[in-house]
Amino acid sequence: MAKPQVVVAPVLMSKLSANAPEFYPSGYSSNYTESYEDGCEDYPTLSEYVQDFLNHLTEQPGSFETEIEQFAETLNGWVTTDDALQELVELIYQQATSIPNFSYMGARLCNYLSHHLTISPQSGTFRQLLLQRCRTEYEVKDQAAKGDEVTRKRFHAFVLFLGELYLNLEIKGTNGQVTRADILQVGLRELLNALFSNPMDDNLICAVKLLKLTGSVLEDAWKEKGKTDMEEIIQRIENVVLDANCSRDVKQMLLKLVELRSSNWGRVHATSTYREATPENDPNYFMNEPTFYTSDGVPFTAADPDYQEKYQELLEREDFFPDYEENGTDLSGAGDPYLDDIDDEMDPEIEEAYEKFCLESERKRKQ
C-alpha cells in the first residue's frame, strides 16, 4: 500500500506565500507561491518543501544560522505523524550521505532538530529515528566494506556522516550537562575495524578521513575511560603499511596519519593556563616597542636593562623641545618658514595617538 503524501495545509501556505519573503530566502523556488497565488491546489508536499530547504543549505551554507529557527517552527506545525517524521529523517539522511560536503551541515541540522522538534510519537523522537536509520546501514558494514565500488562509496559516505554526527549531535543529561552519544563512539570503532579488515585503497582512505576528523576526540574519550583503542588502531595501521597490498600513495597517507597522531593530532600543548605576556615568558614582548635615543644619539628600547634610567633622563632633558616653553609658546621667533605653516591645533587623530603614547610612557615609567 502506497504511503499517503503529506501536503501543506492551507493555513500553512500563508507562511509560504510571497507575502512572507522572510520565510523564502533568496535561492528558494517560487513555484509553490506562484501556484498558490493562481488559486491552484498544487501545495508542496513535505518532501518537496524539505528538499527545497536542504538544497538551499547546500548552495548557501552560511544561511543556516538565520533560517534554521523558522524552518524548525514550520516543521513543528507540519510534522505531526509518525510517517511524516520518518520521511523527514530519510530526506535529511539521503542528502547528508549523497551530496558531497553536506555531511557536516546535515549533522548540524540533525542536532538542531533533535532539540527543537516537539513531536514525540510512539515510534520514537527525531534523534531516535535518526539513530535507527543509521543502524540500518551500520548492520551491513562488513558486507558493504567488501562490496563493489558503488556499494563501498555509499558506505564511505555513511561512515563520514556518522563521524560528523558524533562530533555535532549533543545529548543533554538530566543535570543539563551536554555530552556526545556513546553509541556513536562504539559504532565508529567498529566501522574502523570493518575498513581495516578490507584494506582496499578507498577503504583505507575513508579510514584516514574519519580519523583526521574524529581521532583527537575519540582518543580523549577513550583515555578518560582507561581504554587503549587508539593504540590498537595505530598498531593496525602500521600492520597494514607493512603487509597490505595497498598503493604507495595510500601507505604514505597512513604514515602521515600516524605522524599526526604522534603530535597529539596537531594540537599545541599548553604548558600552563593562560598567562599575561611578560618579558620573561614571551620572547617577542618587546618586538613592537618604540625606539628612543640618548643625548649621545645611542638608541634604546624598553628591552634595554637601563631603560628606566635612560628614559627618565630623556624626559628631564631641558633641550628636549628647545624651541618651546612648557606652555607651548613659540620661542623660535617670527618668520620661521617651517613653523609658520603648522596649524595651531593638532589633528584629532594625531592628538589622540599622542595622548595614548604619553599615558603609556608614564605607566612604564612608574613600573
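Just so it is clear, the model here is predicted, and its values are computed rather than measured. (Residues numbered from 1 in each chain as written. Predicted model: local features only at pLDDT ≥ 70, side-chain atom pairs only at ≥ 80, totals over all residues. Heavy atoms only, no water.)

J.: What is the right way to read the overall build of the chain from this model?
T.: Each helix and strand counted, the chain has 15 helices and four strands in total. In the chain, buried positions account for 38% of the 367 residues. Long-range pairs, those at least 24 residues apart, make up 62% of the contacts in the chain between residues at least 6 apart in sequence. Of the roughly 22500 Å² of accessible surface on the chain, a fraction of 49% belongs to carbon and sulfur atoms. (Helix = DSSP H or I, 4+ residues; strand = E, 2+ residues; numbered from the N terminus. Buried < 20%, exposed > 50% of the residue type's maximum accessible area, 1.4 Å probe, protein only. Contact = heavy atoms within 4.5 Å. Areas by Shrake-Rupley, 256 points an atom, 1.4 Å probe, with all protein chains shown as cover.)

J.: How should the packing of aromatic side chains be read in this particular structure?
T.: Each aromatic ring pair is summarised here by two numbers: the centre-to-centre distance and the angle between the ring planes. Applying the stated criterion across every chain yields a total of four aromatic pairs. The interplanar angle of 35° and the centroid separation of 5.7 Å between the aromatic rings of Tyr49 and Phe71 together place this pair among those described as tilted. Residue Tyr49 is found in helix H3 (residues 46-59), and its partner Phe71 is found in helix H4 (residues 64-76); the two are separated by 22 residues along the sequence. With relative accessibility at 1%, the residue Tyr49 sits in the buried group. Each ring, one from Tyr93 and one from Phe161, has its centre 6.0 Å from the other, and the planes form 75°; the classification is edge-to-face. Pair noted here: Tyr93 is in helix H5 (residues 82-98) and Phe161 is in helix H9 (residues 149-168), with a separation of 68 residues, a long-range link. Take Tyr93 and Phe161: they sit in the same class, and that class is buried. (Phe/Tyr/Trp six-rings, centres within 6.5 Å; stacked < 30°, edge-to-face > 60°.)

J.: I tried to follow the pattern of salt bridges on my own but got confused; where do I start?
T.: Between side chains of opposite charge, pairing is possible as soon as their charged atoms come close. Going through the model one piece at a time under the given rule, you end up with 12 salt bridges. Ionic pairing is found between Glu90 and Arg133, a salt bridge with its closest N-O pair at 2.7 Å. One end of the pair, Glu90, is in helix H5; the other, Arg133, is in helix H7 (residues 126-138), and 43 residues separate them in sequence. Taking relative accessible area as the criterion, Arg133 reaches 13% and is therefore assigned buried. When the shortest N-O distance is used, the salt bridge between Glu219 and Arg261 registers 2.6 Å. (Salt bridge = Lys/Arg side-chain N within 4 Å of Asp/Glu carboxyl O.)

J.: When you look at the layout of surface pockets in this model, what are you seeing that I'm missing?
T.: Empty pockets left among the atoms are what a rolling probe the size of a water molecule brings to light. The volume enclosed by the second largest pocket comes to roughly 470 Å³. As for the second largest pocket, its lining consists of 20 residues, and the residues nearest its centre are Lys153, His156, Ala157, Leu160 and Lys209. When residues of the lining of the second largest pocket are traced back to their parent elements, those giving at least two are H5, helix H6 (103-116), H9 and helix H11 (201-224). In terms of residue count, H9 provides more of the lining of the second largest pocket than any other element does, seven residues in total. Residues that form the lining of the second largest pocket fall into these classes: 10 nonpolar, five polar and five charged. (1 Å grid on protein atoms, 1.4 Å probe; cavity = no way out; pocket = protein on both sides within 12 Å on 5 of 7 lines; lining within 4 Å. Points joined across faces, edges and corners; volume = space filled by probe spheres on them. Nonpolar A, V, L, I, M, F, W, Y, C, P; charged D, E, K, R; others polar.)

J.: Just to check I follow, could you spell out the confidence of the model for the chain for this structure?
T.: If pLDDT is low for a region, its predicted coordinates should not be looked at in detail. Taken over all residues, the pLDDT of the chain has a mean of 77, while the share at 70 or more is 62%. Here residues 1-40 scores under 50 on pLDDT; set against residues more than four positions off or in separate chains, the count is 62 contacts. Considering only residues more than four positions removed or in separate chains, one finds that residues 318-344, a stretch of pLDDT under 50, has 12 contacts. (pLDDT = per-residue confidence, 0-100.)

J.: Could you clarify how one ought to interpret the packing of helix H10 (residues 182-197) against H11 in this entry?
T.: Each pair of packed helices can be described by the angle between their axes along with the distance between the axes. Contact pair H10 / H11: the axes reach a minimum separation of 10 Å and the direction vectors enclose 145°. For the crossing formed where H10 meets H11, the hand is left-handed. Two secondary-structure elements touch here, H10 through Gln185, Leu188, Arg189, Leu192, Leu195 and Phe196 and H11 through Asn203, Leu204, Cys206, Ala207, Leu210, Leu211, Leu218, Ala221 and Trp222. (Axes fitted to C-alpha atoms, helices over the stretch in contact; angles between N-to-C directions. Left-handed = near helix turned anticlockwise from the far one by under 90°.)

J.: Any chance you could explain the environment of Asn245 here in plain terms?
T.: Inspection of the secondary structure assignment puts Asn245 in the loop between helix H12 (229-243) and helix H13 (248-262). The exposed category is assigned to Asn245, whose relative accessible area is 82%. Through-space distance from the C-alpha of Asn245 to that of Met200 is 8.0 Å; in sequence the pair is 45 residues apart.

J.: Just checking my understanding: could you explain the packing of H4 against H6 for this structure?
T.: Close contact between H4 and H6 brings their axes to 11 Å; oriented N to C, the two are set at 45°. Judged by the inter-axis angle, H4 sits oblique to H6. In this structure, the crossing between H4 and H6 has a hand that is right-handed. Residues Phe64, Glu65, Ile68, Glu69, Phe71, Ala72, Leu75 and Asn76 of H4 touch H6, and the partners they reach there are Met105, Arg108, Leu109, Tyr112, Leu113 and His116. (Parallel < 35°, antiparallel > 145°, perpendicular 65-115°, else oblique.)

J.: Would you explain the nonpolar core in this entry?
T.: A general feature of soluble globular proteins is that nonpolar side chains tend to end up buried together. Formed by 76 residues in total, the largest nonpolar core has its most connected members in Leu75, Leu88, Leu113, Phe126, Phe196 and Ile237. The biggest single contributor to this core is H11, with 10 residues. With residues near it in sequence (within four places) discarded, Leu75 still touches Leu46, Tyr49, Val50, Leu88, Leu113 and Leu117. (Core = buried A, V, L, I, M, F, W, Y, C linked by side-chain atoms within 4.5 Å.)

J.: Would you take a moment to explain H7 for this structure?
T.: Because the α-helix completes a turn every 3.6 residues, residues three or four places apart line up on one side. A rise of 1.5 Å per residue sets the reference length of H7, with its 13 residues, at 18 Å; its end C-alpha atoms lie 18 Å apart and thus fit the reference within 8%. For H7, the complete set of buried residues consists of Phe126, Leu129, Leu130, Arg133, Cys134, Glu137 and Tyr138. Of the surrounding elements, those touching the buried residues of H7 are H5, H6, helix H8 (141-145), H9 and H10. (Expected span 1.5 Å × (residues − 1).)

J.: What is the right way to look at H10 in this model?
T.: A rise of 1.5 Å per residue sets the reference length of H10, with its 16 residues, at 22 Å; its end C-alpha atoms lie 23 Å apart and thus fit the reference within 8%. Buried within H10 we find Leu184, Gln185, Gly187, Leu188, Arg189, Leu191, Leu192, Asn193, Ala194, Leu195 and Phe196. Those residues of H10 that are buried are in contact with H7, H8, H9, H11, H12 and H13.

J.: So what exactly am I meant to see when it comes to the side chain of Gln185 here?
T.: Inspection of the secondary structure assignment puts Gln185 in helix H10. The class of Gln185 is buried, set by a relative accessible area of 4%. Side-chain polar atoms of Gln185 contact the side chain of Trp222, separated by 3.2 Å. Those residues within four positions of Gln185 in sequence are excluded, and the remaining contacts are Tyr166, Leu218, Ala221, Trp222 and Lys225. (Polar contact = N/O pair within 3.5 Å; in protein donor to acceptor, adjacent residues only side chain to side chain.)

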